[in-house]
Amino acid sequence: MNIELTRFRVKKGKSKLVDEWMKFLNDHMHEVLLTLEDEKMYVETIFRENLDGQEYLYWYSIQGDAGQDVEESEHWVDKKHLEFWEECIDPTFRTVDLNPEVVMIPKRVKESFETGGSRG
């Protein structure tokens, strides 16, 4: 299991496009959740912050081993997501990966992640 929290800088002048991006993901949540299955993504959350006049997005995720990379996906929603990414995320900014110091996941929840949960 891989647990990550990573900060990305938004390109200057792209805040309104980030609004559209986040709305797109929320409006198409059913399709987004379907794509997470192939990625073995158990939890994915996007946070947004403005700090000293600069905007950042943070990705928090809990992912199983050997999941498909989003770049390999053929899902239309992932392709659109990556288009937004290219337009909004500043590639010149060195991402900041925060290291987990304590992971608090109850055993039953962790086992549910790893076994795919109940399908009933």
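Fair warning: this is a prediction, and the values are worked out from it, not measured in the lab.

Caption draft 1: Broad picture of the sheet that holds strand 4 (residues 96-98). Spatial strand order, 2-3-1-4: 4 strands in an open sheet with antiparallel pairing. The open sheet terminates on both sides in strands that have one partner only, identified here as strand 2 (41-51) and strand 4. Averaged over all pairs of adjacent strands, the angle between their axes in this sheet comes to 20 degrees, without regard to strand direction. Alignment of strand 1 (residues 2-9) against strand 4, held across 3 bridges, turns out to be antiparallel. Counterpart to L5 in the pairing with strand 4 is L98.

Caption draft 2: Structural detail: helix 2 (residues 29-39). Looking only at helix 2, the buried set comprises V32, T35, L36 and E39. Buried residues in helix 2, looked at end-on, bunch into an arc of 110 degrees, giving them a common side. Buried residues belonging to helix 2 abut helix 1 (15-27), strand 2, strand 3 (54-63) and helix 3 (76-88). Positive backbone phi, approximately 55 degrees, marks K40, located one or two places after helix 2.

Caption draft 3: Expanded view of the confidence of the model for the chain. Overall, the predicted model of the chain reaches an average pLDDT of 92, with 96% of residues at or above 70. Taken element by element, the predicted model of the chain shows its lowest mean pLDDT in helix 4 (residues 107-115) (85) and its highest in helix 1 (97).

Caption draft 4: Structural view of the side chain of D78. Among the structural elements, D78 can be located in helix 3. Although D78 lies buried, it forms no salt bridge, and the closest oppositely charged side chain, K79, sits 9.5 Å away as judged by the N-O distance. Excluding residues within four positions of it along the chain, D78 makes contact with T35, E39, V70 and S73.

Caption draft 5: Structural detail: the environment of I62. Tracing the chain through its elements places I62 in strand 3. For the pair formed by I62 and Y42, sequence separation is 20 residues and the distance between their alpha carbons is 5.5 Å. Not counting the four nearest positions on each side in its chain, I62 is found in contact with M1, N2, I3, K40, M41, Y42, V43, I105 and F113.

Each value, and the rule that gives it
- Residues numbered from 1 in each chain as written.
- Predicted model: local features only at pLDDT ≥ 70, side-chain atom pairs only at ≥ 80, totals over all residues.
- Heavy atoms only, no water.
- Pairing = 2+ DSSP bridges.
- Helix = DSSP H or I, 4+ residues; strand = E, 2+ residues; numbered from the N terminus.
- Axes fitted to C-alpha atoms, helices over the stretch in contact; angles between N-to-C directions.
- Buried < 20%, exposed > 50% of the residue type's maximum accessible area, 1.4 Å probe, protein only.
- Arc of directions from axis to C-beta.
- Contact = heavy atoms within 4.5 Å.
- pLDDT = per-residue confidence, 0-100.
- Lys, Arg positive; Asp, Glu negative; His and termini not counted.
- Salt bridge = Lys/Arg side-chain N within 4 Å of Asp/Glu carboxyl O.

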